[in-house]
Amino acid sequence: MVHLFRTSLGVMALAAATLGPGCGALAANGPFLAHQALYDLSLVKSRSNSVNSARGRILYNFTGNACEGYTSEFRQVSELDSGEGKVTLSDLRSNSWEDAAGKSYRFKIETRMNEADAGRVDGSAERDGDQINVKLKLPAPKSFTLDGKIVFPTEQIQRIIAAAKEGKSLLELSVYDGSDDGQKVYNTLTVIGQPIPADRATSSDPSTADEHMKSLKRWPVTVSYFDRDAQQKEGEQTPVYAMAFELYENGVSRQLVLDYNDFVISGAMGKFDVKDSKPCN
C-alpha cells in the first residue's frame with residue numbers, strides 16, 4: 001500500500017508521455033500534444049484483502065515546446081479504505097521541467113499522508129558525458145552522480161514510442177525521476193503489444209472522442225518497475241509495481257491500470273482538453 005503514496009512513479013512517467021524528444025525527432029515522429037487530462041481512480045481488485053475500496057483523481061497539465069523544454073504539473077489525491085475505519089488519504093504534487101534533449105531535469109515533489117507533515121524532494125539533474133550529476137536541496141542538501149545510461153521520464157516514454165513504431169515488443173531502461181528521497185533509480189521492463197488501429201472500436205472516453213485523436217493509432221503498453229538496488233543484491237525479484245496503459249503515437253495515454261501487487265487501481269479518463277502550444281522556432 002505504501003507504494004501508492006510515494007510518488008506514483010509510473011504515473012509520473014506516464015505524465016511525461018506528452019513531452020516528446022528533441023526538435024529533430026519531433027519532425028520525424030510528428031507533434032506531441034499539449035493537454036490537460038483528468039483520471040478517475042477506482043479499485044479493480046485486492047489480492048490480499050488489504051484494501052476494501054479506493055477512490056481518487058489524477059490531474060495532469062503539460063505545457064512547453066521542443067526547443068524551450070517542457071513543464072509538467074501533476075497531482076494525485078487518493079483514498080484507501082482498509083476496513084475497520086482505517087482510511088489513508090494521500091496528496092501527491094509534482095512539478096518538473098525537462099529539456100527536450102534529455103540533458104537537464106528539474107523536479108519538486110511533495111507527498112502528504114493523512115495529517116502528517118508533507119515529505120518534500122527538490123533537486124536537479126544534469127547529463128555530463130557518461131554520467132549524470134544530481135544536486136538535491138531537499139530532503140537534505142546532497143550531490144551525487146549516476147550512470148549516464150540512466151534516462152529521465154521524458155526520454156523513457158519517447159523511447160517506448162520509438163520502439164513501438166519499430167515493431168519491438170520489449171524495452172529495458174533504468175530511470176531516474178527524483179522520487180522517494182531523490183536518490184532512487186528504477187530498472188524498468190516495458191512490454192509493447194500490437195498496435196491498435198485508429199478505426200478499431202473500443203470503449204470510449206474523452207480522448208477517443210477528441211478530433212485530435214480519432215486518426216491516431218495506439219499501443220497497449222505495460223511497464224514494470226524494479227528497485228535497482230534490491231535487484232543488484234537479490235537477483236530475481238518481483239516488480240515494485242507495474243503500470244499498463246494505451247499509448248497514442250502523439251504521447252497521450254488512456255485506460256490506466258496501476259498494479260501494486262497487493263491491489264490494483266484503474267484510472268479512467270474523465271476529462272481531456274487540448275491546450276494551445278507555441279511552435280518550436
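In every chain, residue numbers begin from 1 and rise along the written sequence. Reporting of local features is limited, given that this is a predicted model, to residues whose pLDDT is at least 70; pairs of side-chain atoms are given and counted only at 80 or more, and all residues count toward the totals for whole chains, interfaces and linings. Computation of side-chain values: all heavy atoms of the structure, hydrogens and water removed.

Caption draft 1: Broad picture of the overall build of the chain. Counting its secondary structure elements, the chain contains five helices and 14 strands. By the burial criterion, 51% of the 281 residues in the chain qualify as buried. Partitioning the contacts of the chain with sequence separation of at least 6, the portion at a separation of at least 24 is 56%. Accessible surface computed for the chain: about 13300 Å², of which carbon and sulfur atoms make up 48%. Secondary structure elements follow DSSP: runs of H or I no shorter than four residues count as helices, runs of E no shorter than two count as strands, and numbering proceeds from the N terminus. Each residue is placed in one exposure class: buried if its accessible area under a 1.4 Å probe, protein chains only, is under 20% of its type's maximum, exposed if it is over 50%, and partly exposed if it falls in between. For this analysis, residues touch if any pair of their heavy atoms sits within 4.5 Å. Residue burial considers only the protein chains on display, and all accessible areas are found by Shrake-Rupley using a 1.4 Å probe.

Caption draft 2: Quick look at the packing of aromatic side chains. Each Phe, Tyr or Trp ring, with Trp reduced to its six-membered ring, pairs with another whose centre is within 6.5 Å; inter-plane angles below 30 degrees give stacked pairs, above 60 give edge-to-face pairs, and intermediate values give tilted ones. For the structure on display, the rule yields seven aromatic pairs. Judged by centre distance (5.0 Å) and plane angle (25°), the rings of Tyr225 and Tyr241 are stacked. With Tyr225 in strand E11 (residues 218–227) and Tyr241 in strand E12 (residues 241–248), this residue pair connects regions lying 16 residues apart in the sequence. Here a set of aromatic residues connected by ring pairs shows up, and it is made of Tyr186, Tyr225, Tyr241, Tyr260 and Phe263.

Caption draft 3: Spotlight on the confidence of the model for the chain. Mean pLDDT for the chain: 82, with 85% of residues reaching 70 or above. Here pLDDT means the predictor's own confidence in every residue, given as a number from 0 to 100. Within the chain, helix H2 (residues 23–29) has the poorest average pLDDT of any element, 35, and strand E7 (residues 131–138) the best, 97.

Caption draft 4: Here's a closer look at the pairing of strand E3 (residues 69–81). Note on pairing: DSSP must find at least two bridges between two strands before they are called paired. Looking at chain direction, strand E2 (residues 53–65) and E3 are connected through 13 bridges and run antiparallel. In the sheet register, Arg55 faces E3, and the bridge partner there is Glu79. The antiparallel pairing of E2 with E3 creates a hairpin that spans three residues between the two strands. Bridge count between E3 and strand E4 (residues 87–98): twelve bridges; the pairing is antiparallel. Note that in E4 the partner of Val77 across the bridge is Asp91.

Caption draft 5: Spatial organisation of the side chain of Thr188. Considering the arrangement of structural elements, one finds Thr188 in strand E10 (residues 186–192). Judged by relative accessible area, which is 4%, Thr188 ranks as buried. Discounting chain neighbours no more than four positions away, the residues touching Thr188 are Gln156, Leu171, Glu172, Leu173, Val175, Val223, Ser224 and Tyr225.

Caption draft 6: Looking closely at unusual backbone geometry. Leu138 connects to Pro139 through a cis peptide bond whose omega is 5°. Considering the arrangement of structural elements, one finds Pro139 in the loop between E7 and strand E8 (142–147). A positive phi angle is found at Asp180, which is not glycine, with a value near 60°. Its location among the elements puts Asp180 in the loop between strand E9 (170–175) and E10. Positive phi, close to 70°, is recorded for Asn261, a residue that is not glycine. You can see Asn261 is positioned in the loop between strand E13 (253–259) and strand E14 (263–274).

Caption draft 7: Quick peek at the nonpolar core. Among buried residues, the Ala, Val, Leu, Ile, Met, Phe, Trp, Tyr and Cys ones that are joined through side-chain atoms within 4.5 Å form a nonpolar core. Core analysis: the largest hydrophobic core is formed by 61 residues, its most contacted members being Val134, Leu146, Ile160 and Tyr176. In this structure, Ile160 is in contact with Leu171, Thr190, Ile192, Val221, Val223 and Leu247, ignoring residues within four places of it in sequence.

Caption draft 8: Molecular detail of helix H3 (residues 153–165). To estimate the expected span of a helix, subtract one from its residue number and multiply by 1.5 Å. Between its terminal C-alpha atoms H3 stretches 19 Å, which fits the 18 Å expected from 13 residues at 1.5 Å a residue. Extensive coverage of H3 is indicated by the burial of ten of its 13 residues. In the segment just after H3, Gly167 is the residue with positive phi, at about 80°.

Caption draft 9: Region of the structure containing the pairing of E2. In the sheet, strand E1 (residues 35–46) pairs with E2 via seven bridges, with the strands oriented antiparallel. The residue bridging Leu38 from the neighbouring strand is Leu59, located in E2. Between E1 and E2, which pair antiparallel one after the other, the connecting turn spans six residues, and Asn49 there sits at a positive phi close to 60°.

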